[in-house]
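# Survey of secondary and tertiary structure
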Amino acid sequence: MAPSNQNNELENQELEQDDAVIAKAFKGSALVFVVLGLLGGGTYYILSQKPKPKEEVVQETSLPDRREMPKVTVPQVKWTDVTAESGIASFEHKSGATGEKLLPETMGSGCAFLDYDSDGDQDILLINSCAWPHDKQADAPATTLKLFANDGKGVFSDVTAGSGLEVEVYGMGCAIGDYNNDGRVDLFVSCLGKDLLFRNDGAKFTNVTEESGVGGDPTAWSVSSGWFDYDKDGDLDLLVTHYVQWSRESDLAQEFRLVGGSERAYGRPQPFGGTFPSLFRNKGDGTFEDVSKESGMQVMNPATRVPMAKSLGLVFEDFDADGNLDFVIANDTVQNFLMHNTGDGKFEEIGALAGVAFDASGAARGAMGIDAAAFRNDASIGVAIGNFANEMSALYVSRTRNLQFYDAAAIL
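So, here is what we can say about the structure in this document.

### Observations concerning the overall build of the protein
Within the protein, the secondary structure is distributed over six helices and 20 strands. Burial status across the protein gives 38% buried among its 412 residues. Pairs at least 24 apart in sequence give 50% of the contacts found in the protein among residues at least 6 apart. Of the roughly 24,100 Å² of accessible surface on the protein, a fraction of 55% belongs to carbon and sulfur atoms.

### Digging into the pairing of strand β1 (residues 111–114)
Side chains Ala-112 and Leu-114 project from β1 onto a buried face, and the interleaved Cys-111 and Phe-113 project onto a face without burial. Pairing of β1 with strand β2 (residues 123–126), which is carried by four bridges, proceeds in the antiparallel orientation. Along β2, the bridge assignment pairs Ala-112 with Leu-125.

### Re the sheet that holds β2
Taking strand neighbours across the sheet as the criterion, the four strands line up as β1-β2-β3-β4 in an open arrangement whose pairing is antiparallel. Either end of the sheet is taken by a strand with one partner, and the two such strands are β1 and β4 (156–158). Across the sheet, the mean angle separating the axes of adjacent strands is 25° when strand polarity is ignored. Of the strand pairs in this sheet, β2 and strand β3 (residues 146–150) are connected by three bridges, and their pairing is antiparallel. If you follow Ile-124 over to β3, its bridge partner there is Phe-148.

### Focus: the sheet that holds strand β14 (residues 326–331)
With antiparallel pairing, the four strands of this open sheet are ordered in space as β13-β14-β15-β16. Of all the strands in the sheet, the pair left with one neighbour each is β13 (311–317) and β16 (347–349). The average undirected angle you get between the axes of adjacent strands in this sheet is 20°. One ladder, built from three bridges, connects β14 with strand β15 (residues 337–341); its direction is antiparallel. Pairing of Val-328 across the sheet is with Leu-338, part of β15.

### Details of unusual backbone geometry
A positive phi angle, close to 70°, is found at Asn-390, a residue other than glycine. Notably, Arg-401 is not glycine yet its phi reads approximately 55°, a positive angle. Along the polypeptide, Arg-401 turns up in the loop between β19 (394–398) and β20 (406–407).

### Some thoughts on the packing of aromatic side chains
Inspection of every chain in the model, using the stated rule, returns 17 aromatic pairs. Geometrically, the ring pair formed by Trp-221 and Tyr-243 is edge-to-face, given 5.0 Å between the ring centres and 85° between the ring planes. Placement of the pair is Trp-221 in the loop between α3 (209–212) and β9 (222–228) and Tyr-243 in the loop between β10 (237–242) and α4 (248–252), with a sequence separation of 22 residues. The pair formed by Trp-221 and Tyr-243 is uniform in burial state, with each residue classed as buried. A ring pair is formed by Phe-319 and Phe-405, whose centres lie 6.0 Å apart and whose planes are at 75°; its orientation type is edge-to-face. Of this pair, Phe-319 sits in the loop between β13 and β14 while Phe-405 is found in the loop between β19 and β20, placing the two residues 86 residues apart along the sequence.

### Quick word on the nonpolar core
Counting residues in hydrophobic clusters, the biggest one holds 18 residues, and the most contacted among them are Phe-319, Leu-338, Ile-370, Val-383, Ile-385, Tyr-396 and Phe-405. Each residue touching Val-383, except ones within four places of it in the same chain, is listed here: Phe-319, Ile-370, Asp-371, Ala-372, Ala-394, Leu-395, Tyr-396 and Phe-405.

### A look at the side chain of Thr-275
Take Thr-275: it is sitting in the loop between α4 and β11 (278–282). Thr-275 gets classed as buried once you look at its relative accessible area, which sits at 10%. Here His-242 takes part through its backbone oxygen, which lies 3.0 Å from a polar atom of the side chain of Thr-275. If sequence neighbours within four positions are ignored, Thr-275 has contacts with His-242, Tyr-243, Val-244, Gln-245, Pro-307, Met-308 and Ala-309.

### Comments concerning the pairing of strand β18 (residues 381–385)
Counted residue by residue, β18 has four buried out of five residues, so it is predominantly covered. Bridge count between β18 and β19: five bridges; the pairing is antiparallel. Opposite Val-383, over in β19, you have Tyr-396 as the bridge partner.

### Thoughts on the environment of Gly-226
Along the chain, Gly-226 falls in strand β9. Taking the C-alpha atoms as reference points, Gly-226 and Thr-241, 15 residues apart in sequence, are found 9.0 Å from one another. With sequence-adjacent residues up to four places away left out, Gly-226 is seen in contact with Ala-175, Asp-237, Leu-238, Leu-239, Leu-314 and Phe-316.

### A word on the environment of Val-208
With respect to the secondary-structure elements, Val-208 resides in the loop between β8 (205–207) and α3. With relative accessibility at 1%, the residue Val-208 sits in the buried group. Each C-alpha atom of the pair Val-208 and Thr-287 lies 9.4 Å from the other, and the pair is 79 residues apart in sequence. Filtering out sequence-adjacent residues up to four positions away, Val-208 remains in contact with Tyr-179, Leu-197 and Arg-199.

### Here's the deal with the side chain of Asp-326
Mapped onto the elements of the fold, Asp-326 is located in strand β14. Here Asp-326 occupies a buried position and makes no salt bridge, while the nearest side chain of opposite charge, Arg-401, is found at 7.6 Å.

### Focus: the pattern of salt bridges
Applying the stated criterion across every chain, the model contains eleven salt bridges. Across the pair Asp-251 and Arg-264 runs a salt bridge whose closest N-O atoms are separated by 2.4 Å. You can see Asp-251 sitting in helix α4 and its partner Arg-264 sitting in the loop between α4 and β11, a full 13 residues away along the chain. What makes Arg-264 buried here is its relative accessible area of 17%. Of the charged contacts, one joins Asp-407 and Arg-365 as a salt bridge, the two residues approaching to 3.3 Å between their closest N and O atoms. One end of the pair, Asp-407, is in strand β20; the other, Arg-365, is in the loop between α6 (351–354) and β17 (370–373), and 42 residues separate them in sequence.

The rules we used
Residues numbered from 1 in each chain as written. Predicted model: local features only at pLDDT ≥ 70, side-chain atom pairs only at ≥ 80, totals over all residues. Heavy atoms only, no water. Helix = DSSP H or I, 4+ residues; strand = E, 2+ residues; numbered from the N terminus. Buried < 20%, exposed > 50% of the residue type's maximum accessible area, 1.4 Å probe, protein only. Contact = heavy atoms within 4.5 Å. Areas by Shrake-Rupley, 256 points an atom, 1.4 Å probe, with all protein chains shown as cover. Pairing = 2+ DSSP bridges. Axes fitted to C-alpha atoms, helices over the stretch in contact; angles between N-to-C directions. Phe/Tyr/Trp six-rings, centres within 6.5 Å; stacked < 30°, edge-to-face > 60°. Core = buried A, V, L, I, M, F, W, Y, C linked by side-chain atoms within 4.5 Å. Polar contact = N/O pair within 3.5 Å; in protein donor to acceptor, adjacent residues only side chain to side chain. Lys, Arg positive; Asp, Glu negative; His and termini not counted. Salt bridge = Lys/Arg side-chain N within 4 Å of Asp/Glu carboxyl O.

As C-alpha cells, then:
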C-alpha cells in the first residue's frame, strides 16, 4: 500500500478513538450534572421547608417547704477524764513566766507514751520547762522532766528519781526511738538552749549528749523533733526543727502591745529571724554527723536570702510511695515545707509546688500542730494542720500520692 493511503487510515482510526472518548466523557458529565441537580433540588426543598413548631410539654413540679438534707450519723466517742485516778495529776508545768512576757512562755511542753522498762505497757514522759536564770531562787525546788511508770492497769507512779531524767531544762518536746538498736527506746529532748539525748541502759537513762554530737547550737530554740531512717541504712537518724532566732534581749527590745493596751504583751513571730532545721545522720557507732547543709535543710527566703523556717510541727510520711520517707514541716507565718526525699541522701523543698505551703489565696498561715494519715482507707493521703486563731485549719489531700495536694478543708 502506498504511504499516503496508510497515513489516511491511521488518521481515521485516531479520529474514531477520539470520538469514542468524547462520547464516554459526555455521558459521565451528564450523569454528574443529573446527580448534582438532584442534590441541589433536594437541598433546596429541605431548606425551603419551615420547621414545625415544637410542642411545649409542661411538667408540674411540687417544691418542698424546705430542703431535705441527708441524715448523717456522727460517731459518738465518749471520753472520761481519768487524770486524778491515773496518778499524774501532781505534775505542774513551769513556764518561768513572771511578767516580762517572753515569747517562749507561750509554748506548752511536749509529752510521750513509751515503754521505757520493756514490760509491755506504755509509760508516760512529761517534758517540763523551768524558771529563767535571772529569776531563779536558790531555795526553789527543781522543775525537772517527769517519768511515770505504768502498773499495767492504767495507774502511774512517779519514777523520775534515780531514772537519770531528773534534769532541769527549758524543755519543748521529745522524740522516742531506739537509735542504737539495742531493743530499748531512747529519748531525745528538744530545748530552748542545748538539746539532750538520753540512752536507755535498762535500769536508767544516761545523758550521752556530748559524745553523740546532737546537742546543737546552745543559743537555738528547738521545738519538734523525730527519729527516721532517711538513708535506709538500718539505723535511726534524727531531725530537729527550730522556731525563731530568739534571745531575751531581742524580745525585751521590742515594745509589744495589744491594741488599746498599755502593758507589754507577748510578741508575734514576724519580728524574729527564721531558722534552719537540723538533720543528724546516725553513723552506727553511737555518734551522729550533722548533714543539714548537704542534705538540703537550709531553705532560704528567696527574696531576702535569710533562713526561712519558723517551725512548730513535724510529720513523716512516704508521700509519693517510692520507699523513701519524706516529711512536712508546719511553719508559723511563713510557708510550710514538704521535704521530698530524693533517695540519694538529699531532700528538695517542694511545698509550694505540691500545694501544702499556703492557703487557697496564697497566704501563709500560723501553722502549728500537724498529722498525716490515710484517713479515707484508700490510696489518698491527708495532711491535717492546725493554724492560729481565726485561721481555718488545713486538710491537704493527695488522691494518688503524686505529690500534688488540694486543701479539702475549704470544700468540706
